[in-house]
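This is what each chain is made of:
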Amino acid sequence: LNLDTAIVRCVGDATGVIDAMATGGLGNYLYTLRDASNNILAGPQASGYFEGLIAGTYFVFVTSGDCELLSPPIVITEPQNPLIIVNSEFNNISCDGQLDGRIMVEASGGTGVIKYAISPNLNQFDTVNEFTGLAPGNYQVLVQDEAGCYIIPLDFTIIQPDPVAATANVTNPIICNDASDGTIEVVITGGTAPYFTSLNTQDDANFVQDQFIFTDLAGGQTYVIFVKDSAGCETNVIVELGAAPS
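I will try to describe carefully the structure that is included in this document.

So, how was this worked out
- Along every chain, residues carry numbers that run from 1 in the direction the sequence is written.
- With the structure being a predicted model, the display of local features is reserved for residues of pLDDT at least 70 and the display and counting of side-chain atom pairs for 80 or more, all residues being used for whole-chain, interface and lining totals.
- Hydrogen atoms and water are omitted, and side-chain values are computed over all heavy atoms in the structure.
- For this text, the term disulfide refers to a pair of cysteine sulfurs within 2.5 Å.
- What counts as a helix is a DSSP run of H or I of at least four residues, what counts as a strand is a run of E of at least two, and both are numbered from the N terminus.
- Burial classes: relative accessible area under 20% of the type maximum marks a residue as buried, over 50% as exposed, and values in between as partly exposed (1.4 Å probe, protein chains only).
- By salt bridge we mean one thing: a side-chain nitrogen of Lys or Arg within 4 Å of a carboxyl oxygen of Asp or Glu.
- Pairs of N or O atoms are called polar contacts if they sit within 3.5 Å, as long as, within protein, a hydrogen donor faces a hydrogen acceptor (for residues adjacent in sequence, only side-chain-to-side-chain pairs).
- Pairing between strands is defined by DSSP: at least two bridges between the two strands are required.
- Whenever a helix is involved, its axis is fitted only over the stretch in contact; in every case the axis is a line through C-alpha atoms, and angles between N-to-C directions fall within 0 to 180 degrees.
- We define a nonpolar core as any set of buried Ala, Val, Leu, Ile, Met, Phe, Trp, Tyr and Cys residues linked to one another through side-chain atoms lying within 4.5 Å.
- We call two residues in contact when some of their heavy atoms are within 4.5 Å.

**Structural notes on the state of the cysteines**
Then comes step 1: Under the criterion given, the structure shown has two disulfides.
Then comes step 2: Here Cys10 is linked by a disulfide to Cys149, with a sulfur-sulfur distance of 1.9 Å. Here Cys10 and Cys149 share a disulfide; its torsion about the S-S bond, -100°, makes the bridge left-handed. Residue Cys10 is located in the loop between β1 (2–6) and β2 (16–21), and its partner Cys149 is located in the loop between β13 (137–144) and β14 (150–158); the two are separated by 139 residues in the primary sequence.
Then comes step 3: Under the relative-accessibility criterion, Cys10 is labelled buried at 10%.
Then comes step 4: For Cys149, a relative accessible area of 6% corresponds to the buried category.
Then comes step 5: Disulfide partner of Cys95: Cys233, at an S-S distance of 1.9 Å. On the S-S bond that ties Cys95 to Cys233, the torsion sits near -95°, and the link is left-handed.

**Quick word on the pattern of salt bridges**
Then comes step 1: In the structure shown here, the tally under the stated rule is four salt bridges.
Then comes step 2: Salt-bridge contacts for Glu130 lead to Arg102; the nearest nitrogen and oxygen are separated by 2.4 Å. Here Glu130 is found in strand β12 (residues 130–134), whereas its partner Arg102 is found in strand β10 (residues 101–108), with 28 residues between them in sequence.
Then comes step 3: Accessibility expressed as a relative area gives 19% for Arg102, which makes it buried.
Then comes step 4: For the salt bridge of Glu234 with Lys228, the shortest nitrogen-to-oxygen distance reads 3.9 Å.
Then comes step 5: Residue class for Lys228 comes out buried when judged on its relative accessible area of 17%.
Then comes step 6: Members of the salt-bridge network, linked through shared partners, are Glu89, Arg102 and Glu130.

**Some points on the side chain of Ser64**
Then comes step 1: On the secondary structure map, Ser64 appears in strand β6 (residues 56–64).
Then comes step 2: Looking at Ser64, its side chain comes within polar contact range of the main-chain oxygen of Gly27, at 2.8 Å.

**Quick notes on the sheet that holds β12**
Then comes step 1: A sheet is described by the order of its strands in space; here three strands give the open sequence β9-β10-β12, paired in antiparallel fashion. Looking at the sheet topology across the chains shown, the edges are occupied by β9 (84–91) and β12. Each neighbouring strand pair of the sheet contributes to a mean axis angle of 10°, computed without reference to strand direction.
Then comes step 2: Here β10 pairs with β12 via three bridges, running antiparallel. From the neighbouring strand, Met104 faces β12, where its bridge partner is Glu130.

**As for the nonpolar core**
Then comes step 1: Within the largest apolar cluster, 19 residues are counted, with the highest numbers of intra-cluster contacts made by Ala168, Ile184, Val186, Ile188 and Ile225.
Then comes step 2: Of all the secondary structure elements, the ones that give two or more residues to this core are β15 (165–172), β16 (182–189), β19 (213–217), β20 (221–229) and β21 (234–241).
Then comes step 3: Leave out the neighbours within four places in its chain, and Val186 touches Ala166, Thr167, Ala168, Thr197, Gln211, Phe212, Phe214, Ile225 and Val237.
Then comes step 4: Core analysis: the next-biggest nonpolar cluster, separate from the first, contains 17 residues, Ile93, Val141, Phe156 and Ile158 among them.

Below, the structure written as structure tokens:
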């Protein structure tokens with residue numbers, strides 16, 4: 001009895017093959033495939049070709065007239081370690097209009113070198129597992145080993161924050177000459193909270209978190225309120241604080 005087998009390339013797949021060919025006897029061979037517990041899996045059939053098999057131990061039972069033959073154990077193997085995802089992460093767009101989205105996927109196991117591809121180029125694989133400079137949108141990452149085993153594509157959505165915007169109002173105008181009791185209130189939207197503000201300077205040391213009201217301001221001046229969000233996105237708003245009425 002001549003036997004050829006094919007291993008299972010990917011853990012858990014049913015791609016094993018046994019090809020048995022008997023000789024001698026009276027011909028008119030009938031082949032039956034059995035598992036290690038002697039359960040019949042396929043046959044009897046005229047062909048000794050059995051496919052769609054998972055990893056395991058098998059036997060081929062052959063009859064030719066009254067003659068019978070049982071093959072030695074036939075072991076179909078598969079890789080020891082399945083291809084699995086061990087880590088994945090992503091970063092959204094930091095500021096409106098930036099192309100700095102990021103996706104990272106790390107896999108292990110499988111056979112040989114693991115490669116990665118990202119949509120829309122899922123047929124272009126590389127060993128690089130980090131994708132940067134991404135625009136907002138939906139992405140899929142496909143992971144594949146040298147045997148062609150792959151993991152169902154991972155889905156990611158990269159989002160972009162609304163632009164940081166600020167408006168300011170004088171809530172306490174100057175009433176008396178030489179007074180410094182003006183008040184300006186700023187309202188910030190978009191971006192990523194918390195927000196940081198600074199009056200008349202972009203020096204990092206002067207930015208204060210969640211300061212939206214500025215008091216004790218002199219009249220007859222122009223003020224610039226600089227704004228940053230937690231991602232470092234910036235804007236500013238200019239406010240004229242008038243002098244006291246004549």
